[in-house]
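Chain by chain, the residues:
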Amino acid sequence: MIDAFLNFDFIRYSFISGVLVGFIAPLIGAFIVVRRLSLIADALSHVTLGGISMGLFLMSVSPLFASINPIWFGIIFSIAGALLIEQLRTEYKHYQEIAIPIIMSGGIGVSVIFISLANGFNQDLFGYLFGSISAVNLSDLFTIIVITVIVLIFVMLLYKSLFVLSFDEEYSKVIGMPKWIQLLFIVIVALVISASMRVVGILLVSSLMTLPVATSMRLAKGFKQLIALSILFGEISVVAGLILSFYLNISPGGIIVGLLIVELLASIAYSKVLIKKGGYHLESRRSHSNIEE
């Protein structure tokens, strides 16, 4: 494995991308889960698939698009889908959750259309769906690095606002929090999904954003600890998953998700023991007002 890492560029690209994605996906996922918007990752991943399938179709019918990385089509679609979700949540004030299945359905529909036009699945599309250790190229790596920098700057500059927005959206409106913070957050979610799909796969990317957080909720005593543990569990699963997928010669997405599930089950078992001994964890608290920042 070490020899392959030193001798093959695509192995290095995959592992560097995996480490970056294993950091930013659980980081943003913590804010998503706390806001009870976990399904938004699924919706945007399907919208991203629509953009990727359109990009692959255009590449197959016109040489003008041959030099354009399909990931950019996915990013554009994902951002557009994120903004549409936010707009629909505004339109349906009393049924905001309906915005997510609406956009998800649209993303699936667009995907089916372009996949059909492209005469079905091909190896490139399969890699986007389930991840591929050999599919990450230098262009993908550069895109992931840029998105990682954007995410880190966004969280560091607006952490307190995101904290308030995540735990009490109504209160954020009362204190006059700018609307652009909410819009920018949803765009950041779209970017993270686009960055993660090369490593985990479009259909499994939501798992990397939610499962580490669900695992950490059984152990963490505060929100910052929740974020730290989520990143730790995400990194362990991604790195171990990439190593196993290399030796087993299969797509990394399934292995990564499998490891995340194992971590979740282990944390549930451990938290039950912890509670019996008189301890507590973040998820066991009944009120958000008791959660320490």
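Analysis parameters
- Residues numbered from 1 in each chain as written.
- Predicted model: local features only at pLDDT ≥ 70, side-chain atom pairs only at ≥ 80, totals over all residues.
- Heavy atoms only, no water.
- UniProt positions renumbered as here; feature names shortened; annotations may be inferred.
- Helix = DSSP H or I, 4+ residues; strand = E, 2+ residues; numbered from the N terminus.
- Polar contact = N/O pair within 3.5 Å; in protein donor to acceptor, adjacent residues only side chain to side chain.
- Contact = heavy atoms within 4.5 Å.
- Core = buried A, V, L, I, M, F, W, Y, C linked by side-chain atoms within 4.5 Å.
- Buried < 20%, exposed > 50% of the residue type's maximum accessible area, 1.4 Å probe, protein only.
- Axes fitted to C-alpha atoms, helices over the stretch in contact; angles between N-to-C directions.
- Parallel < 35°, antiparallel > 145°, perpendicular 65-115°, else oblique.
- Left-handed = near helix turned anticlockwise from the far one by under 90°.
- Nonpolar A, V, L, I, M, F, W, Y, C, P; charged D, E, K, R; others polar.

The protein chain appears in an unreviewed UniProt entry as Metal ABC transporter permease from Mammaliicoccus vitulinus. Regarding the protein chain, the UniProt comment filed under Sequence similarities (unreviewed entry) reads as follows: "Belongs to the ABC-3 integral membrane protein family."

Undergrad: Would you mind showing me how to read the side chain of Thr215 here?
TA: Tracing the chain through its elements places Thr215 in helix H10 (residues 205-217). Within the structure, the side chain of Thr215 is placed 3.5 Å from the backbone nitrogen of Leu264, a separation counted as a polar contact. What Thr215 contacts, discounting residues up to four positions off in sequence, is Phe233, Leu260, Glu263, Leu264 and Ser267.

Undergrad: In this structure, what is going on with the nonpolar core? I would like to understand it.
TA: What tends to happen in soluble globular proteins is that the nonpolar side chains get buried as a cluster. The biggest cluster of nonpolar side chains holds 79 residues, and the ones touching the most others in it are Ile28, Ile40, Val151, Val189, Met209 and Phe223. A per-element tally of this core places helix H9 (residues 179-200) first, with 14 residues. Excluding residues that lie within four positions of it along the chain, Val151 makes contacts with Ile24, Leu27, Ile28, Ile188 and Val192.

Undergrad: Quick question: what am I supposed to make of the packing of helix H3 (residues 39-61) against helix H4 (residues 70-91) here?
TA: Closest axis-to-axis distance for the H3/H4 pair is 7 Å, and the angle between their directions is 140 degrees. It follows from the interaxial angle that H3 and H4 lie oblique. For the pair H3 and H4, the crossing hand works out as right-handed. Per-class residue counts for the contact of H3 with H4 are 15 nonpolar, seven polar and no charged.

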